[in-house]
Amino acid sequence: MMALPPWNDQAVQALTSSVRRHCPDAGVEVVDFIDSTNSELMRRGHGRDNPPTLLVALSQTAGRGRMGRAWQSQPGAGLTFSWGMHMAPTDWSGLSLAVGLALADALDPDGQWGLQLKWPNDLCWQSAGAVRKLGGILIETQMAAASAETPARRWCVVGVGLNLQTPEIDGAGLAPVGWREITSEATPSGPDLLQACMAALVPAMQAFESHGFAPLVERFAQRDALRGQTVVLSDGRSGTALGVDAQGALRVQTAQGLQSVHSAEVSVRPIAAQDAPHV
């Protein structure tokens, strides 16, 4: 029997049913190519009543990562998607960590593959002592119509890029790794991986809206790729990473004392990765 293409109608319907179990009014769209799934959902965010939406692209021509970095996406080599929903948490701090934890738990629920999280927004895997990047998270928000009940309501878009195959990229950052290399799967199934990711992501964001990041600190510590490592901050400071606090800030013991580092301030790279191939 001929193998079914990975994103046939049956796969899209199964994905839609899975997402709607957690968010009944959600829409799911799969497109062949787009400039950026995040950019498209942010363009739609001006509508006050736009429903929660999952947008999947088989290829992106202008994918974006954190701090303006490009995220390359070739058909079949990666999984790129964005999820948009309205939210009004009391505190937005630590959302990228909550998202990363949900994705890591979805892909590696029992720790079999040893997936880790590199603060503030990278899914990683360690090989021969080196931290390698499996995927990244980009979160963007814009104000939505406010009311007395939800004064801080925003349209929140969570963009995710996962390497299915290890890309051949030489640039600044961590060395890349693909899901196929980690698991030895001949042909990783994008639809199956995405269904698992969304089954964890949607409830995680709903829980974050109600409870914030604080209840997740201990779980994050179990996957913290930086904890105990000497790190260099982008502003030149260095020290030992000591985990994260209840707001998701990175705690770094520096020569000037214990510092709390927020994701808007710096990017962080372990010293051991300074001379490694980068992505």
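Before reading on, note that the structure itself is shown above.
As the structure is a computational prediction, the values presented were derived from the model and not from experiment.

> Account for the environment of Val 28, naming residues and giving values.
Here Val 28 is to be found in strand E1 (residues 27-31). Considering only alpha carbons, one finds Val 28 and Val 56, 28 residues apart in sequence, at a separation of 8.0 Å. Not counting the four nearest positions on each side in its chain, Val 28 is found in contact with Leu 15, Thr 16, Val 19 and Leu 54.

> Outline helix H5 (residues 190-211), supporting the account with residue identities and numerical values.
Here H5 contains 22 residues, and its C-alpha end-to-end distance of 31 Å stays within 8% of the 32 Å for a straight helix at 1.5 Å per residue. Where H5 begins, one side-chain oxygen reaches toward the backbone nitrogen of Asp 192, 3.2 Å away; that side chain belongs to Ser 189. Where H5 ends, the next residue or the one after it, Gly 212, has phi of about 75°, a positive value.

> An account of the pattern of salt bridges is requested, with residue identities and associated values reported.
Note on pairing: side chains with opposite charge can pair once their charged atoms come close. With the rule as written, the count across this model stands at 11 salt bridges. The partner of Arg 44 in a salt bridge is Glu 29, and the shortest N-O contact between them spans 2.8 Å. In this pair, Arg 44 is assigned in helix H2 (residues 37-44) and Glu 29 in strand E1, connecting sequence segments 15 residues apart. Taking the relative accessible area as the measure of exposure, Glu 29 reaches 29% and is therefore partly exposed. Across the salt bridge formed by Glu 40 and Arg 44, the nearest N and O atoms sit 2.9 Å from each other. With a gap of four residues between them, Glu 40 and Arg 44 both fall in helix H2, about one helical turn apart. Under the relative-accessibility criterion, Arg 44 is labelled partly exposed at 28%. If you follow the salt bridges from partner to partner, you end up with Glu 29, Asp 35, Glu 40, Arg 43 and Arg 44 in one network.

Thresholds, definitions, all that
Residues numbered from 1 in each chain as written. Predicted model: local features only at pLDDT ≥ 70, side-chain atom pairs only at ≥ 80, totals over all residues. Heavy atoms only, no water. Helix = DSSP H or I, 4+ residues; strand = E, 2+ residues; numbered from the N terminus. Contact = heavy atoms within 4.5 Å. Expected span 1.5 Å × (residues − 1). Polar contact = N/O pair within 3.5 Å; in protein donor to acceptor, adjacent residues only side chain to side chain. Salt bridge = Lys/Arg side-chain N within 4 Å of Asp/Glu carboxyl O. Buried < 20%, exposed > 50% of the residue type's maximum accessible area, 1.4 Å probe, protein only.

Fair warning: the whole summary comes from geometry, so function is off the table for now.
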